[in-house]
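Topology and contacts: notes
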Amino acid sequence: MKVVIALILALGLTACETTANDGGTADYDALARASNDCKAHGGTLVLKDGGDAQYIQDYACKGK
């Protein structure tokens, strides 16, 4: 029974993470992940020319 409860809780937490940023908003967590990924590739996360800072897809990794 404990295993079933643990599984349900784990699936619930996973569902929250995958649906938390469905709209592509540039919230703190999304920007932090994108920035860390970009840094790992030797770049810097920047807002694209004419981009809207509200949307994560309007950012790019520059300076590889």
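For the structure, see preceding data.
Reading the values: the criteria
Residues numbered from 1 in each chain as written. Predicted model: local features only at pLDDT ≥ 70, side-chain atom pairs only at ≥ 80, totals over all residues. Heavy atoms only, no water. Helix = DSSP H or I, 4+ residues; strand = E, 2+ residues; numbered from the N terminus. Expected span 1.5 Å × (residues − 1). Buried < 20%, exposed > 50% of the residue type's maximum accessible area, 1.4 Å probe, protein only. Arc of directions from axis to C-beta. Contact = heavy atoms within 4.5 Å.

1. A few points about helix α2 (residues 28-40)
Taking 1.5 Å per residue, 13 residues should reach 18 Å; α2 reaches 18 Å between its end C-alpha atoms and fits that length. For α2, the full list of buried residues reads Ala30, Ser35 and Cys38. Axial view of α2: buried residues confined to an arc of 125°, hence all on one face. Exposed positions of α2 whose direction lies more than 90 degrees from the buried face are Tyr28, Lys39 and Ala40. Check the buried side of α2 and you find it contacts β1 (44-47) and β2 (59-62). Looking one or two residues past α2, Gly42 carries a phi angle of roughly 85°, positive in sign.

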